[in-house]
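A closer look at the structure
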Amino acid sequence: MIPLLTLAACAATTASEPSLGRRPAELIDPRLPVPAASASGPVNPALASKLGQLIADGADGARAFDALVAEAETHANAAGPAHSENWIVAQQSLSALEGARAKTTTALAEVDAIASARIASGAGLTPSDLAAVEAASNAIRATTDRQDEIISRLAARLGS
């Protein structure tokens, strides 16, 4: 009786077992060339408009930041020992620089969020939309990287 139960157990199937049939990927002939890139088409107009606005916001933030750099450098050069009056003024100028770059960093975060939101929603990005998002991100990131370098240089000068 036990051999029949064992044999019956081998014949039973459940829905959780994987199929041993060919998977869709195995039906593709590996000798066929893979296309280099799919057709990109135009950038989604709404996306292009939003990215343009974010690039403009980043540029506005850069102008506000750049307007304060010379003053911050002057104060950093004049800073005395830590906690002296001149050092505190230099720290305040450094804080003003960090505040002025907020518009640029916010624009960069919003560009990155656009791509994430489109992918998370399942809408995805066409190759041209992805290229536009990457170009906007790279443009704004170049500005924030420059701002980071200036802030780091001045902070190091102040011993912060």
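Residues numbered from 1 in each chain as written. Predicted model: local features only at pLDDT ≥ 70, side-chain atom pairs only at ≥ 80, totals over all residues. Heavy atoms only, no water.

1. Comments concerning the overall build of the chain
What counts is decided by this rule: What counts as a helix is a DSSP run of H or I of at least four residues, what counts as a strand is a run of E of at least two, and both are numbered from the N terminus. Summary of the burial criterion: residues with accessible area below 20% of their type's maximum are buried, those above 50% are exposed, and those between are partly exposed, where the area comes from a 1.4 Å probe applied to protein chains only. Throughout, a contact is declared for two residues whenever any of their heavy atoms are within 4.5 Å. For accessible areas, the Shrake-Rupley method is used with a probe of radius 1.4 Å. Any residue's cover is judged against the shown protein chains and nothing else.
Scanning the chain from N- to C-terminus turns up five helices and zero strands. Listed N to C, the secondary structure of the chain is α-α-α-α-α in terms of helices and strands. Split into buried and exposed, the 160 residues of the chain put 24% on the buried side. Look at the contacts in the chain between residues 6 or more apart in sequence, and 83% of them connect residues 24 or more apart. Here the chain has roughly 10,400 Å² of accessible surface; of this, 63% comes from carbon and sulfur atoms.

2. Topic: the packing of helix 2 (residues 45-78) against helix 4 (residues 102-120)
Quick note on the threshold: To obtain an axis, a line is fitted to C-alpha atoms, over the contacting stretch when the element is a helix, and the angle between two such axes runs from 0 to 180 degrees between their N-to-C directions. By the definition adopted for this analysis, an angle is roughly parallel if under 35 degrees, roughly antiparallel if over 145, roughly perpendicular if from 65 to 115, and oblique otherwise. Handedness of a crossing follows from how the near helix is turned relative to the far one, being left-handed for an anticlockwise turn of less than a right angle and right-handed for a clockwise one. Any residue that is not Ala, Val, Leu, Ile, Met, Phe, Trp, Tyr, Cys, Pro, Asp, Glu, Lys or Arg is counted as polar, Gly included; the first ten are nonpolar and the last four charged.
Contact geometry of helix 2 with helix 4 gives a least axis separation of 7 Å together with a crossing angle of 160°. By the angle class used here, helix 2 and helix 4 are roughly antiparallel. Crossing handedness for the pair helix 2 and helix 4: left-handed. Side by side, helix 2 and helix 4 meet where Leu47, Lys50, Leu51, Leu54, Asp57, Gly58, Asp60, Gly61 and Ala62 of the first sit next to Lys103, Thr104, Ala107, Glu110, Val111, Ile114 and Arg118 of the second. In the contact of helix 2 with helix 4, the residues fall into seven nonpolar, three polar and six charged.

3. Concerning the nonpolar core
Applicable threshold: Only buried residues count toward a nonpolar core, which is a set of Ala, Val, Leu, Ile, Met, Phe, Trp, Tyr and Cys residues joined through side-chain atoms within 4.5 Å.
Core analysis: the largest hydrophobic core is formed by 14 residues, its most contacted members being Phe65, Leu94, Leu97, Ile150, Leu154 and Leu158. Mapped by element, the contributors of at least two residues to this core are helix 2, helix 3 (85-100) and helix 5 (127-158). Setting aside residues no more than four positions away along its own chain, Phe65 makes contact with Leu97, Ala100, Arg101, Gln147, Ile150 and Ile151. Of all hydrophobic cores here, the second largest spans 12 residues; its members include Leu51, Leu54, Ala107 and Ile140.

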